[in-house]
Amino acid sequence: MISEKMKGYVKNSSAIRAMFEEGKKMAAIYGAENVYDFSLGNPNVPAPEEVAEAIRTILDTEDPVLVHGYMNNSGYEDVRGAVAASLNKRFGTAYEAKNILMTVGAAGGMNVFFKTLLNPGDEVVTVSPYFGEYRSYVGNYDGKLIAVPADAVTFQPDAAAIREAITERTRALILNSPNNPTGAVYTRESLVAVAEVLREAEEKYGQPIYLFSDEPYREIAYDGVEIPWMPSLYADTVVGYSYSKSLSLPGERIGYLVIPSEIEGFEDFIGAANTANRILGFVNAPSLMQRAVAKCLDCKTDVAYYDTNRKLLTGHLSATGFTFVKPDGAFYLWIKSPVADEKEFVRKAKEERILIVPGSSFGCAGWVRLAYCVAKETVEGALPGFTRLAEFYGLK
Ligand code: PLP
């Protein structure tokens, strides 16, 4: 028998993963080249060559006992120091190794954060649409996720609505920019407004409300758009970073938390987070990958590859009459369903062998998400299908 709690998780199991499985079945029937699978945020760009080189160098030159051994639960001291120095160079900060905790991807980092922070019944606010796993990660520690709709046109966070949602039980706010699923990048102006609301709420309730800035897409942004460094706008910020997208290493499970010394209760927090990383069973982030990413801190993924897909899609969807949010970052396109029930649109798109994910998976019905981290040929192959869908729904 499985637990009641797990029964709930299994029942609500990810529609995104289900669509991905469906895509594989369809590919077996029609041929992979005839299925346009935009369901999963799995980067199609290979990891930069420097990653493989770094791994080879480490295996060839470093002490295997060290490379494959246990270390401090927060990660290798030298790796954390190198990450801190790299952030300091980019953001003018003064982090040290003690401010960095290497994690099992962004997902591992978020679980460490919530394990550290939440008592049962505590509330965590986020902006919808949101990455659906937030509900599971908060639920893992019997917290309650409170979703606050973003602005209905720009999909920027709505500071006034966040103010309304905060209660004495609120322990944290999750923000994710560049955003999955909308592709929106939150502007400095909207982030300053949210920071002000959080400061007011801390004052009102007399306790810290931590901001978790979930940043796996920080490096994937277009046209020089600014992505502000959140700790410089709000002191009680913890940043969650991941190499899953920035270096195309999602299966390697590597990322880190930045826990600035300025956050309230820093010493307790860092000690607890270190313990959380251990007792959640991660023990530590994968050791070879820690050492590899430390050698690749200045490496970049091929953002131009995603940008080509972005331009192809947005150009075509505009021309055929679809409404969507201008994607300034990440590799997602958030498209308004031409019919109220977006699941109906998802089904219709499947007839064109186009696989997209209903917005209800992200807490926002009436829209769909398209992940364009795919081959350019997949995008090109799907365009005629989008034209037919536009005609079917009489968009122009
Ligand atoms: N947060 C967001 C917004 C994501 O989109 C994802 C993955 O798609 C994650 C966190 C988890 O990333 P990771 O693979 O680093 O655990």
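Residues numbered from 1 in each chain as written. Predicted model: local features only at pLDDT ≥ 70, side-chain atom pairs only at ≥ 80, totals over all residues. Heavy atoms only, no water.

With that out of the way, let us pick up helix α9 (residues 188-205). Count 3.6 residues to each turn of an α-helix, and residues three or four apart come out pointing the same way. For α9, spanning 18 residues, the distance from its first C-alpha to its last is 26 Å, which sits close to the expected 26 Å at 1.5 Å a residue. Residues of α9 that are buried: Ser190, Leu191, Val194, Ala195, Val197, Leu198, Ala201 and Glu202. For α9, the angular spread of the buried residues around the axis is 160°, confining them to a single face. Opposite its buried face, α9 presents the exposed residues Glu189, Glu203 and Lys204, each directed more than 90 degrees away. Immediately beyond the C-terminal end of α9, within one or two residues, lies glycine 206, with a positive phi of roughly 65°. (Helix = DSSP H or I, 4+ residues; strand = E, 2+ residues; numbered from the N terminus. Expected span 1.5 Å × (residues − 1). Buried < 20%, exposed > 50% of the residue type's maximum accessible area, 1.4 Å probe, protein only. Arc of directions from axis to C-beta.)

Before going further, it helps to spend a moment on the site of the ligand. Near the ligand there are 14 residues, and of these Ala106, Asp214, Tyr217, Ser242 and Arg253 occur at the shortest range. The separation between an oxygen atom of the ligand and a polar side-chain atom of tyrosine 217 is 2.6 Å. Between the ligand and serine 242, the relevant distance is 2.6 Å, taken from an oxygen atom to a side-chain nitrogen or oxygen of the residue. When isolated, the ligand has an accessible area of 400 Å², and the protein chains bury 92% of it. Secondary structure elements with two or more residues in the shell around the ligand: α6 (105-117) and α10 (243-246). At three residues, α6 tops the list of elements feeding residues into the shell around the ligand. A per-class count over the shell around the ligand returns six nonpolar, five polar and three charged. (Near = heavy atom within 4 Å. Polar contact = N/O pair within 3.5 Å; in protein donor to acceptor, adjacent residues only side chain to side chain. Areas by Shrake-Rupley, 256 points an atom, 1.4 Å probe, with all protein chains shown as cover. Nonpolar A, V, L, I, M, F, W, Y, C, P; charged D, E, K, R; others polar.)

All right, on to the environment of alanine 147 then. Looking at the secondary structure, you find alanine 147 in strand β4 (residues 144-149). Along the primary structure alanine 147 and glutamate 203 are separated by 56 residues, whereas in three dimensions their C-alpha atoms are 22 Å apart. With near-sequence residues (within four places) excluded, alanine 147 lies in contact with Thr126, Ser128 and Tyr130. (Contact = heavy atoms within 4.5 Å.)

A few words on the packing of aromatic side chains. Per the stated rule, a full pass over the model turns up 25 aromatic pairs. Their ring planes at 45° and their centres at 6.0 Å tell us that phenylalanine 113 and phenylalanine 269 sit as a pair that is tilted. Of this pair, phenylalanine 113 sits in helix α6 while phenylalanine 269 sits in helix α11 (residues 266-279); the two residues are 156 residues apart in sequence, bridging distant segments of the chain. Across this residue pair, the class does not change: phenylalanine 113 and phenylalanine 269 are buried. Considering the side-chain rings of tryptophan 334 and tryptophan 367, the 5.9 Å spacing of their centres and the 5° angle between planes classify their relative orientation as stacked. With a gap of 33 residues between them, tryptophan 334 in strand β9 (residues 332-336) and tryptophan 367 in strand β12 (residues 367-371) connect regions that are remote in the sequence. For tryptophan 334, a relative accessible area of 0% gives the class buried. Under the relative-accessibility criterion, tryptophan 367 is labelled buried at 11%. Ring pairing ties together the aromatic residues Phe113, Phe114, Tyr210, Phe212 and Phe269, which thus form one cluster. (Phe/Tyr/Trp six-rings, centres within 6.5 Å; stacked < 30°, edge-to-face > 60°.)

The full count for this structure, using the stated rule, is 24 salt bridges. For lysine 89, the salt bridge identified is with aspartate 298, shortest N-O distance 4.0 Å. Residue lysine 89 is found in helix α5 (residues 77-91), and its partner aspartate 298 is found in the loop between α12 (287-294) and α13 (303-319); the two are separated by 209 residues along the sequence. Across the salt bridge formed by glutamate 226 and arginine 188, the nearest N and O atoms sit 2.7 Å from each other. Taken together, the residues glutamate 226 in the loop between β6 (210-214) and β7 (237-242) and arginine 188 in helix α9 connect sequence positions 38 residues apart. Judged by its relative accessible area of 41%, glutamate 226 is partly exposed. For arginine 188, a relative accessible area of 38% puts it in the partly exposed group. Salt bridges here are not isolated pairs; linked through shared partners, they connect Asp223, Asp307, Arg310 and Lys311. (Salt bridge = Lys/Arg side-chain N within 4 Å of Asp/Glu carboxyl O.)

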